[in-house]
Amino acid sequence: MELDFQDHAFRAAVLELIRRASTDLAPDVVQAIQTARENEDEGSAARGVLSAILKNIERAREKSTPICQDTGTNIYVVSLPLGISMRRIEKLIREATREATEKVYLRPNAVDPVTGKNSGDNTGVLAPYIHFEEWDEPAIAVKLLLKGGGCENVSTQYALPDVTLKADRNLEGVYKTVVDAVVKAQGQGCAPGILGVGVGGDRSSGMMLAKKQFFRRLDDSHPDPELARLESRLLKDLNTLGIGPMGFGGKTTALAVKIGVAHRLPASYFVSVAYMCWADRKHSMRFTPDEVIYD
Amino acid sequence: MIDLTLPIDEKSIRKLKVGDEVSLNGRLVTGRDAAHDWLVKERPDSVRDFLKNTMIYHCGPVVKKRGNDWEFVAAGPTTSIREEPYQGTVIQEYGLRGVIGKGGMGPQTLKALEANGAVYLHAIGGLATLIAESVVKVHTVFKLEEFGVPEAMWVIDVRDFPAVVTMDSHGGSLHEKIFRHSDNIRKKLLHIDV
C-alpha cells in the first residue's frame, strides 16, 4: 500500500515530536517518580530532591523548555511501510533537528571529534542516529529517545565470565553485572535511573538491544517469567544500595530494570548495561497523511 | 537554608559543613571540559577577575539570544568528576571559593578545597528549567565562538540558586561516605568477601 504524504507535514510532525521529547516526560516516568517520592521519608534529602524534580518537570512542560539542558544523543527508531524512501525520511528528520535547535528545544550537541568544532545544529556524522525497520502498517511510526551524556558515560559492557565479580555465563552472572554497574554509575548518571540490559548479541547489537528496552513502559513486565523475575529482583536489590536520588542516600536508586535477550556466539557472553537518568525522555508518534498521533 | 552572596570570603566558606543547604546569590561563572583544559594549559588572564573569590559552575546551558542579550533557557549541572584532573589547579590558580556541579569529585579536589578554603556544592541534576529561572543576568561570555554554547564560559548573576554542600573545606565528603556504604552492600549481594 502506497503512503502519499507531503514533506512539510512529516517534518512538522517530527519537530513536534522533538519538542515533546525534550520538554515533557511520558506519563509512566512521571508516575514512577511520584511513587518514589511518596516512598521516601518525610523531610529526607531524597524526598526533597524528588519533589524538586517533579516541580522542574511541571515548569518545563508549562514553558516548553528542555527538562534537562543536555538534550542528549537523539536516537530514532523508525518503522516504515514498504516503498517509503529511507533517505527521504532521514533528510526530513535532519531538517526537523536543525529547526528544533533554532527553536532551542535542543542544545547544539554535535561535536567533531577531530576539530573539536560544534556543528551548531545537532547534525553531523551519525547525528541524529536513525535506525530503520520495515513493518506492515500503512503508517510511519517514529520513536525518539533523548539520552544525555552523563548517563551515557556510565553505560557499560561486561564480557562473562568476570572473575572479579564471580559472574558466570548465566542469569546469575547477569544479575551481578547490573548491581556492579549501578554502584559504579553513582554520581555520574542522575539517579534514580532506569536500566536497559542487553544479554547476548555482539558488542554493538547488544548495546542497541539494551537501549531499545527504554521504549518499554516502566510498569510493564517481561513476557518471559524467568526474565520478569530477574527484572523485579534486580529492582528490589538495587534499591537497597542506599545511593538514592542524586546520590544523596535514600530508598530509590533505580526506577526500573528492563532486560532484552539476543542470541550470542558460543565464544561470547556480553551483558550490555545502558543507564538512563530519571529524565527518561522517550516519545513516539504514528504518522499518516490524515493525522499524527503522539503517545 | 544558608544564604551565600558571591563573591565571598574564605571565613564564610570555612563555616560550611557537609549537608548544609545553601541559596546562592550574585556572580558566578560556568565552565566545563573545554574551559578547564583552557584554564590549566593557557592560564588566561582575561577571566581572572571574574573567577576570584566566586564559584565555577559545571554547566553547559541552553541559551537564547534576545537582541544583544542572552537568556538562559535550561541550565542544570553536568557531571563534575570529568574535571577531577584539573579542578585542584583551577581552584588554586584562580582563587575560587567553590565548585558547583553534580555527582561530587575525588580526593585531589577534596584536598584543594581544604588547602584553599573552598567548597563543593551539589545542584540537582536535570533541574534545568528551574535553575535557568534563577539566572537573572548574563554579563558576558568567554570563548563562545571557539568552544560553542555548552562549553563557553558564561559570567552570570543568580538569585536563590539552591544547592547542598556535599564536600566541605574540612575534608568531609558525602560522596565518599555513600560510595563506601553502597559498595559494601554490593559485595554482600555479589557474595564477594568484604
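Residues numbered from 1 in each chain as written. Chains lettered and ligands numbered in written order. Predicted model: local features only at pLDDT ≥ 70, side-chain atom pairs only at ≥ 80, totals over all residues. Heavy atoms only, no water.

On to helix α2 (residues 27-39) of chain A, then. Given 3.6 residues per helical turn, the α-helix brings residues three or four places apart onto the same face. Residue and element names in this part refer to chain A. With 13 residues, α2 ought to run about 18 Å at 1.5 Å a step, and its terminal C-alpha atoms sit 18 Å apart, in line with that. Inspection of α2 places Asp28, Val29, Val30, Ala32, Ile33 and Ala36 among the buried residues, and these make up the whole buried set. The secondary structure elements touched by the buried residues of α2 are α3 (45-63), β6 (254-262) and β8 (281-287). (Helix = DSSP H or I, 4+ residues; strand = E, 2+ residues; numbered from the N terminus. Expected span 1.5 Å × (residues − 1). Buried < 20%, exposed > 50% of the residue type's maximum accessible area, 1.4 Å probe, protein only. Contact = heavy atoms within 4.5 Å.)

A separate point is the sheet that holds strand β5 (residues 193-200) of chain A. By definition, the strands of a sheet pair up through backbone hydrogen bonds, in either a parallel or an antiparallel sense. All names here are of chain A. Strand order in the open sheet formed by 4 strands is β4-β7-β5-β6, and the pairing between neighbours is mixed. Each edge of the sheet is formed by a strand with only one pairing partner; in this case those strands are β4 (156-159) and β6. Neighbour-to-neighbour, the strand axes of this sheet turn through a mean angle of 15°, independent of strand direction. Bridge analysis of β5 against strand β7 (residues 270-276) gives 6 bridges, and the strand direction is antiparallel. (Pairing = 2+ DSSP bridges. Axes fitted to C-alpha atoms, helices over the stretch in contact; angles between N-to-C directions.)

Moving on: the interface of chain A and chain B. Of the residues lining the interface, 42 residues belong to chain A; the matching set on chain B comes to 41 residues. For chain A, the biggest contributors to the area lost against chain B are Gln69(A), Arg107(A) and Phe248(A); these three give 18% of the whole. Linking chain A with chain B are 3 salt bridges, by the criterion used here. As a salt-bridge pair, Glu133(B) and Lys63(A) come within 2.9 Å of each other at their nearest N and O atoms. For the pair chain A and chain B, the interface holds 18 residue pairs in polar contact (both at pLDDT 80 or more). Counting residues per element, the ones that place at least two in the side of chain A that touches chain B are α3, α5 (149-153) and α6 (171-185) of chain A. Of all the elements, α3(A) adds the most residues to the side of chain A that touches chain B, at 8 residues. Considered class by class, the residues forming the side of chain A that touches chain B number 19 nonpolar, 14 polar and 9 charged. (Buried area = accessible area lost by both parts, 1.4 Å probe. Salt bridge = Lys/Arg side-chain N within 4 Å of Asp/Glu carboxyl O. Polar contact = N/O pair within 3.5 Å; in protein donor to acceptor, adjacent residues only side chain to side chain. Nonpolar A, V, L, I, M, F, W, Y, C, P; charged D, E, K, R; others polar.)

Let us look at the packing of α6(A) against helix α8 (residues 174-189) of chain B. Axis separation between α6(A) and α8(B) bottoms out at 10 Å; the angle between their running directions is 175°. With respect to α8(B), the axis of α6(A) lies roughly antiparallel. Facing α6(A), whose interface residues are Tyr175(A), Val179(A), Asp180(A) and Val183(A), α8(B) presents Phe179(B), Ser182(B), Asp183(B), Arg186(B) and Leu189(B). (Parallel < 35°, antiparallel > 145°, perpendicular 65-115°, else oblique.)

Here the focus is the domain arrangement of chain A. Residues and elements named next belong to chain A. Partitioning chain A into domains gives domain 1 (7-23 + 67-148 + 281-294) and domain 2 (150-276). Centre-to-centre separation of domain 1 and domain 2, based on C-alpha positions: 26 Å. Counting residues at the interface gives 13 residues for domain 1 and 14 residues for domain 2. Summed over both sides, the interface of domain 1 with domain 2 buries roughly 1000 Å², with 68% coming from carbon and sulfur. Area buried by domain 1 at its contact with domain 2 is led by Leu145, Lys147 and Lys282, which between them contribute 49% of it. Where domain 1 touches domain 2, the interface holds 2 salt bridges. The salt bridge involving Glu152 is made with Lys147; its shortest N-O contact spans 2.6 Å. Across the domain 1-domain 2 interface, the total number found is 6 residue pairs in polar contact (both at pLDDT 80 or more). (Domains from an automatic or database assignment.)

Residues Ile33(A), Leu195(A), Trp278(A) and Leu24(B) are the most contacted members of the largest nonpolar core, which totals 105 residues. Examining the composition of this core, we find that 8 residues originate from one element, α6(A), more than from any other. If you count residues domain by domain, this core takes at least three from each of domain 1 (7-23 + 67-148 + 281-294) and domain 2 (150-276) of chain A. Those residues in contact with Leu24(B) that lie beyond four places of it in its chain are Leu4(B), Leu6(B), Met55(B), Ile100(B), Leu121(B), Val158(B), Arg159(B), Asp160(B) and Phe161(B). Judged by nonpolar contacts, the second largest core, of 29 residues, contains Leu15(A), Ile18(A), Ile89(A) and Ile140(A). (Core = buried A, V, L, I, M, F, W, Y, C linked by side-chain atoms within 4.5 Å.)

This part is about the side chain of Thr288(A). When you line up the elements, Thr288(A) lands in the loop between β8 and β9 (292-294). By relative accessible area, which is 17% here, Thr288(A) ends up buried.

Here the focus is a nonpolar patch on the surface. Taken together, Val125(A), Leu126(A) and Tyr129(A) make up a surface patch of nonpolar side chains, about 350 Å² in accessible area. In this fold, Val125(A) is placed in the loop between α4 (86-102) and β2 (129-134). (Patch = residues over 30% accessible without salt bridge, like charges linked within 9 Å, V, L, I, M, F, W, Y side chains within 5 Å. Areas by Shrake-Rupley, 256 points an atom, 1.4 Å probe, with all protein chains shown as cover.)

Moving on: the sheet that holds β2(A). Residue and element names in this part refer to chain A. The 5 strands lie next to each other as β2-β1-β3-β8-β9, forming an open sheet whose pairing is mixed. Two strands lie at the open edges of the sheet, namely β2 and β9, each paired on one side alone. This sheet shows a mean twist of 15° between the axes of neighbouring strands, independent of strand direction. The pairing of β8 with β9 spans 3 bridges and is antiparallel. Bridging from a neighbouring strand, Arg286 pairs with Ile293 of β9. On the sheet, helix α1 (residues 7-23) packs against β1 (73-80), β3 (140-147), β8 and β9 and is oriented at approximately 155° with respect to β8.

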